[in-house]
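These are the residues of each chain, in order.
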Amino acid sequence: MSLLDVVLFLPLIGFFALLLVPKDNPDVIRKASLGISLLVFVASLGLIAPYWFSTPAGYTFTTDHSWISYPPIHYHVGLDGLSLWLVLLSTLLTPIAVLISWKSIDHRVKEFFAFLILLEFGLIGVFVSVDLFLFYVFWEVTLVPMYFLIGIWGHDRRIYAAVKFFLYTMAGSVLMLGAIIYLYNKSGSFDYLVILSQLQSGKLSLGSSVEQWLFLAFFLSFAVKVPLFPLHTWLPDAHVEAPTAGSVMLASVMLKMGTYGLLRFCLTLFPEAARNASPWVATLAIIGIVYGALVALVQPNMKKLVAYSSVSHLGFVVLGIFSFTQQGLDGAVYQMLNHGVSTGALFMLVGYLYERRHSLEISAYGGVATPAPNLAIVALITTLASIGLPMLNNFVGEYLVLQGASQTNFTWVVFAALGVILSACYMLWLYQRTFYGRASESLTHHMYDLTLREWAAILPLLVLMFWMGIFSQSFMPSISAQNASILRQTTKVMAQRQPSIPGAAMPSSPPTVAAAAVEVSNAR
Amino acid sequence: MPDSILMPSSAEYFRVLPEIILTLVATLIVFLEAILTDAQKKIYGTLSIVGLGVALVAALVANTDPGHAFNNMLIIDGFASFFRVLVIGIGIVTIFASTDYLAQEKANGGEYYALILYSIVGQCVMVTANELIMVFIGLEISSIASYVLAGYLRDDARNNESALKYFLLGSFATAFLLYGVAWIYGTTGSTNLEQIRTVLSSGMAPSLILTGTAAAMIFVGFGFKVSAAPFQVWAPDVYQGAPSPVSAFLSVGPKAAAFAVMIRVFMTAFGPLAERWAPMVWVCALATMIVGNFAAILQSNIKRMLAYSSIAHAGYVLVAVTAHSDIGGAAAMFYLAAYAFTNLGAFAVVTYFSRKGEKYVTIDDFAGLAQRQPAMAAMLTLFLLSLIGVPLTGGFFGKFYIFKAALDANLYWLAILGLLNSAVAAYYYLRILVVMYMKEPGASMDDLAPAGGALKVAVYASAIGTLVLGIFPGWVLDFASKAALK
């Protein structure tokens, strides 16, 4: 049993433990869930150890047990430079989600925190599964708690949003299940590594058209989750209706399941189809970037605004992934983490404001900076991070994505850069309308500054915004190494298929890129 | 003296011991009904459980000595044993779910238990039948008992409607079956499944058209019993009108047995014609899934919704039948087992919730159940998630194996459409979750007492079955893979 198993199963044990606590004692439940989630976080910090000074190749912390003998389904989990940071993101945000729900959730407290911890179990599982079947199981497991989180503790149209969320994801994922079964029928294994090595050695050869269908099945299921334009319509509903903790978990971690899947599975298992699809996908991503930003610009509801900004930001991630360049991939992964940190913080701030004023309409605010200066400063930093100001986290990711995309197709960058400019427009305008101006009487009456608990919840994210913006080198080497290996695998399978173009589009070596990242983040 | 009139050996009696035990217990209950006072009638439940338990053991033991019985009329192989154990298990859960209900309706008569047991005997005969006449006899024993059960509360108008509809349409369908059997006898000269197979595979059958028509008529008979479209119209009315525990029983027991016999007849006897009947089942499977799922969306009565859902699930099993492979057979077996536990559990919760006179059976009545009876709501959630096919439940692995079998058999379109169907199905199951968890309790919650002991046993046993099949599916699947018909 490795540390990773402990990190994975602690939340599940915690979930059952929470169910045993009597429900008439909400404070015990809150403290217990904070304790559990902090314990998981501390344990998960140990996972960084092998990655801190070196970049181990392949999976670490692997465990491989047979779960079902026939068809051979294994409990096979492992960690690499990509999943490490996403696991940490999940374990970091869960205690934060517990903290921000401390007061705002006052009915059916036990169920809420139990579902939150169960969600953490599913999320960690998605990021560490090596067995495709196991991956699918966790993928679906995350669906149930989130469905209840939105449906029970959400706002007015919560039921509509919850059902829409469930059905969209379900419709996408059943197709992925079909594709997974097909891969198993052809390869005799559910193990990602086994299937990959069979593809690379040529033992398993999918025809072009089959590969295209399988790619499409996986892609659709991930694209719904990302969400990629035009499959994004569930997202604003889910975000607006979800309770704050639900929005934070949804935006910060759950959307990354989609981009993680694209990067991990679509690129390596179906490289040719992925490359063929890249102009189409990139186009959709760019439409998403610009469209999301434009819609965000005109939103009167601040939660919806942040939700549409997510559509725009996730477009960058997808663009980076489908640029098929080292920088593009690095930027995409970094942007996944950045978005988790900064948009998570934005949703928290919206939640803080809502707790005070009980409105999500931007017009209900104005002048918040006067009664709540600390809140305003925190919000300013977060806003600037989200825009992509240098020294803050998003800048590094966006820059790398744009640089990577420019190597593939410069026109993409021209349009995508529009998104960066627009993000400054909608975010700064939001900030201006909310925090500046004269505070009305009723607003001042309701508004108070950050409490200790609120500080505790958002401080780790603020620290990360600077840290990731200035010392990207703490994170980048392991991500770069992993991305280089993903790109290598892509070309390997391609080379197997078409020996005529060996090592096509082989990217520049990782160390230079990592160095470039530092340069970028330290510039200006 | 020809072989055919040899007396059966003791080993052959041993192989049908479960049927013998069940018949004896059922008959004993009928006699006791005349003797016992009302207070003493409480023992029927215990007596039935004991009888079923012993029969279950006998069925498991009989599996250690597989073979034919009574002159090749019956066959006890792994396939038959699997389904015998399944239908007897269904019987046990049904009895547990029934006792509280019968007491509450003041209808604790011996005939209820006797009819359930007789029906199970009929299903056991069906799944062990090795020839078409035995199939017919088993089907009739099972069906006639079911007709009476559907109208068990004879003062209730809905019960009467349900029973009459079931009887009229059921008899009509059985006539098709019998007519088909007669034609088969005419074209192949046999009613024995293995001999029919020999004749058909040797190419000596006089007319493919006649044989094919006969096979189609037999399919109609079975299609009715499993509520496959377009022979499904009876199911919603019958399940809605019948007493809830009976609906639970009808939706799984006779269905599992009918699928077993359908698979055996079409895989064994008509196996050589598989390429010809598979397209027919293909269409039927798709139509059944679509009719079931889309009609279920529109329902407001939970029993009726579960009836349409059970039609849809029959469609999934038909996908496995269409694959006509041993993997498909094993998938169907696993699915029927998982579905049995899940649906029995769901109906048991409905039985508990509907209360006297089945007052509360609309979906909206379930509003706020999670706040009043969290354990029962959690159990119903588990069953619904299993019906949706969410991982870690039996229903998920059932679907998984079925669609795996379909893809194995190159049925890509059927698999894709089936998978999309299961996403559509999520919608109507979610509606119940919505009202249970996300709505405030209404008037329907006012007189809701905690569940009785026996009913709890039924619910928790079903839940354990659903979870075990969802987390350790290998145990059942290994057996099913070995036992599946080649």
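Residues numbered from 1 in each chain as written. Chains lettered and ligands numbered in written order. Predicted model: local features only at pLDDT ≥ 70, side-chain atom pairs only at ≥ 80, totals over all residues.

**Some thoughts on the overall build of chain A**
Here is step 1: The secondary structure content of chain A amounts to 22 helices and two strands.
Here is step 2: The C-alpha atoms of chain A give a radius of gyration of 22 Å, which matches the 24 Å a tight globule of 524 residues would have.
Here is step 3: Over its C-alpha atoms, taken along the principal directions, chain A stretches across nearly 75 × 55 × 45 Å.
Here is step 4: The contacts of chain A with a sequence gap of at least 6 include a subset with a gap of at least 24, amounting to 80%. (Helix = DSSP H or I, 4+ residues; strand = E, 2+ residues; numbered from the N terminus. Rg over C-alpha atoms; globule rule 2.2 N^0.38 Å. Contact = placed C-beta atoms within 7 Å.)

**Here we look at the pairing of strand β2 (residues 73-79) of chain A**
All names here are of chain A.
Here is step 1: Within β2, six of the seven residues are buried, which leaves the element mostly enclosed by the surrounding structure.
Here is step 2: Two strands pair when backbone bridges link them, and strand β1 (residues 60-68) and β2 are joined in this way by six bridges, in the antiparallel orientation. Opposite Ile68, over in β2, you have Ile73 as the bridge partner.
Here is step 3: Between β1 and β2, which pair antiparallel in sequence order, lie four residues. (Buried ≥ 20, exposed ≤ 12 C-beta atoms within 10 Å, placed from the backbone. Pairing = 2+ DSSP bridges.)

**Some points on the interface of chain A and chain B**
Here is step 1: Taken together, the 25 residues of chain A in the interface contact 25 residues of chain B.
Here is step 2: Among the secondary structure elements, those contributing two or more residues to the side of chain A that touches chain B are α6 (132-141), α7 (143-153) and α8 (158-187) of chain A.
Here is step 3: With 14 residues, the top contributor of residues to the side of chain A that touches chain B is α8 of chain A.
Here is step 4: For the side of chain A that touches chain B, the residue count by class is 19 nonpolar, four polar and two charged. (Nonpolar A, V, L, I, M, F, W, Y, C, P; charged D, E, K, R; others polar.)

**Concerning the environment of Val281 of chain B**
All names here are of chain B.
Here is step 1: Relative to the helices and strands, Val281 is located in helix α12 (residues 274-297).
Here is step 2: Residues Val281 and Pro66, spaced 215 residues apart in sequence, show a C-alpha to C-alpha distance of 30 Å.
Here is step 3: Those residues within four positions of Val281 in sequence are excluded, and the remaining contacts are Leu318, Val321 and Thr322.

**Topic: unusual backbone geometry**
Here is step 1: Omega for the bond connecting Val226 of chain A with Pro227 of chain A falls within 30 degrees of zero, at -10°, which places this linkage in the cis form.
Here is step 2: Following the sequence through the fold, Pro227 of chain A ends up in the loop between α10 (208-225) and α11 (234-241).
Here is step 3: That bond from Ala229 of chain B to Pro230 of chain B is cis: its omega, 5°, falls within 30 degrees of zero.
Here is step 4: Looking at where Pro230 of chain B falls in the secondary structure, it is placed in the loop between α9 (208-225) and α10 (234-241).
Here is step 5: A positive phi is found at Phe61 of chain A, a non-glycine position, where the angle reads about 55°.
Here is step 6: With respect to the helices and strands, Phe61 of chain A occurs in strand β1.
Here is step 7: By the C-beta count within 10 Å, which is 22 here, Phe61 of chain A ends up buried.

**Describing the nonpolar core**
Residue and element names in this part refer to chain B.
Here is step 1: Counting residues in hydrophobic clusters, the biggest one holds 414 residues, and the most contacted among them are Phe334 and Tyr335.
Here is step 2: Here this core gets 21 residues from one element, more than from any other, and that element is helix α14 (residues 326-354).
Here is step 3: Among all residues touching Phe334, those that are not within four sequence positions of it are Phe397, Gly398, Tyr401, Pro473, Val476, Leu477 and Ala480. (Core = buried A, V, L, I, M, F, W, Y, C linked by C-beta atoms within 7 Å.)

**Topic: the environment of Val246 of chain B**
All names here are of chain B.
Here is step 1: One can find Val246 in helix α11 (residues 244-269).
Here is step 2: As for Val246 and Ala97, which are separated by 149 residues in sequence, their C-alpha atoms are 9.5 Å apart.
Here is step 3: Residues in contact with Val246, not counting those within four places in the same chain, are Leu149, Ala150 and Tyr152.

**Digging into the domain arrangement of chain A**
Interfaces are often sized by the amount of accessible area the parts lose when they come together.
All names here are of chain A.
Here is step 1: Per the domain assignment, the segments making up chain A are domain 1 (1-269) and domain 2 (275-524).
Here is step 2: Between the C-alpha centres of domain 1 and domain 2 the distance comes to 21 Å.
Here is step 3: Of the residues lining the interface, 44 residues belong to domain 1; the matching set on domain 2 comes to 45 residues.
Here is step 4: For the side of domain 1 that touches domain 2, the secondary-structure elements that each account for two or more residues are α4 (81-100), α9 (192-201), α11 and α12 (244-269).
Here is step 5: At 13 residues, α12 tops the list of elements feeding residues into the side of domain 1 that touches domain 2.
Here is step 6: Here the side of domain 1 that touches domain 2 is built from residues that sort into 29 nonpolar, twelve polar and three charged. (Domains from an automatic or database assignment.)

**Quick notes on helix α4 (residues 78-104) of chain B**
All names here are of chain B.
Here is step 1: Taking 1.5 Å of rise per residue, the 27 residues of α4 would be expected to cover 39 Å, and the 40 Å separating its terminal C-alpha atoms lies within 8% of that figure.
Here is step 2: Buried residues dominate α4, accounting for 24 of its 27 residues.
Here is step 3: A positive phi of about 55° marks Lys106, the residue just after α4. (Expected span 1.5 Å × (residues − 1).)

**Here we look at the packing of helix α5 (residues 110-128) of chain B against helix α6 (residues 132-150) of chain B**
All names here are of chain B.
Here is step 1: With their axes 7 Å apart at the nearest point, α5 and α6 run at an angle of 155° to one another. Relative to α6, the element α5 lies roughly antiparallel. Handedness of the α5/α6 crossing: left-handed. Taking contact as the criterion, the partners of Leu115, Ile116, Tyr118, Ser119, Val121, Gly122, Gln123, Val125 and Met126 in α5 are, on α6, Met134, Val135, Ile137, Gly138, Leu139, Ile141, Ser142, Ala145, Ser146, Val148 and Leu149.
Here is step 2: Its residues placed into classes, the contact of α5 with α6 shows 14 nonpolar, six polar and no charged. (Axes fitted to C-alpha atoms, helices over the stretch in contact; angles between N-to-C directions. Parallel < 35°, antiparallel > 145°, perpendicular 65-115°, else oblique. Left-handed = near helix turned anticlockwise from the far one by under 90°.)

**Thoughts on the confidence of the model for chain A**
Here is step 1: Looking at chain A as a whole, its pLDDT mean stands at 85, while 94% of the residues score no less than 70.
Here is step 2: In the model, residues 500-524 of chain A has pLDDT below 50 throughout and makes 38 contacts with residues more than four positions away in sequence or in other chains. (pLDDT = per-residue confidence, 0-100.)

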